Amino acid sequence: QVRLVESGGRLAEAGGSLRLSCTASGVSLDKYAVSWFRQFSGMRREVVAAISWTWTGDNTYYIDDVKGRFTISRDNDKSMMYLQMDKLTPDDAAVYFCAIGKVWPVRTAGIDYWGKGTPVTVSS
């Protein structure tokens, strides 16, 4: 059975950093786009960052407000994906979800498997 489990969400200070991790089991990641979504309270879930399953050309995506601050990475051999979050602001506070799918560009309807989410809180 496929499972995605996030970890690393916690309270952080404004200007600080966090690294979120996601561990996949029951699936090989090498044929999937991997992505991180966020969900603000009462809002739609939206993609924050993604990497396609290809390794040539432009294969990454970042939502505008995290460009230059967040970095997505993956390790297929370890079945893990990461989101490095730097220069955090209170506006980054949300529940963050890892996800995999076979649709590019990444969109909610194309996600095959979701993690349960990990909350990130940023103090002001």
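Look a little higher up for the structure.
Residues numbered from 1 in each chain as written. Predicted model: local features only at pLDDT ≥ 70, side-chain atom pairs only at ≥ 80, totals over all residues. Heavy atoms only, no water.

Caption draft 1: The environment of Gly68, seen in detail. With respect to the secondary-structure elements, Gly68 resides in the loop between β6 (60–62) and β7 (70–75). Distance from Gly68 to Glu46, taken between C-alpha atoms, is 18 Å for residues 22 residues apart in sequence. (Helix = DSSP H or I, 4+ residues; strand = E, 2+ residues; numbered from the N terminus.)

Caption draft 2: Region of interest: the sheet that holds strand β3 (residues 18–25). The strand order across the open sheet formed by 4 strands is β1-β3-β8-β7, and the pairing between neighbours is antiparallel. The open sheet has two free edges, formed respectively by β1 (3–7) and β7, since each of these has just one partner strand. On average, each strand axis in the sheet is inclined to that of its neighbour by 15 degrees, with strand direction left out of account. The pairing of β3 with strand β8 (residues 80–85) spans 6 bridges and is antiparallel. Counterpart to Cys22 in the pairing with β8 is Met81. (Pairing = 2+ DSSP bridges. Axes fitted to C-alpha atoms, helices over the stretch in contact; angles between N-to-C directions.)

Caption draft 3: Geometry of the environment of Asp77. Inspection of the secondary structure puts Asp77 in the loop between β7 and β8. In this structure Asp77 comes out as exposed when scored by relative accessible area, which is 78%. Distance from Asp77 to Ser28, taken between C-alpha atoms, is 8.6 Å for residues 49 residues apart in sequence. (Buried < 20%, exposed > 50% of the residue type's maximum accessible area, 1.4 Å probe, protein only.)

Caption draft 4: Region of the structure containing the state of the cysteines. Summed over all chains, the structure comprises 1 disulfide. There is a disulfide in this structure between Cys22 and Cys98, and the S-S distance comes to 2.1 Å. As the torsion about the S-S bond is roughly 55 degrees, the Cys22-Cys98 disulfide counts as right-handed. One end of the pair, Cys22, is in strand β3; the other, Cys98, is in strand β9 (residues 94–101), and 76 residues separate them in sequence. (Disulfide = S-S within 2.5 Å.)

Caption draft 5: The nonpolar core, seen in detail. Grouped together as the largest cluster of nonpolar side chains are 29 residues, with contacts concentrated most on Trp36, Phe70, Met81, Leu83, Met85, Tyr96 and Ile100. Beyond its immediate chain neighbours, meaning those up to four positions away, Met85 contacts Gly16, Ser17, Leu18, Leu20, Arg69, Phe70, Tyr96 and Val120. Core analysis: the next-biggest nonpolar cluster, separate from the first, contains 8 residues, Ala50, Phe97, Ala99 and Ile111 among them. (Core = buried A, V, L, I, M, F, W, Y, C linked by side-chain atoms within 4.5 Å. Contact = heavy atoms within 4.5 Å.)

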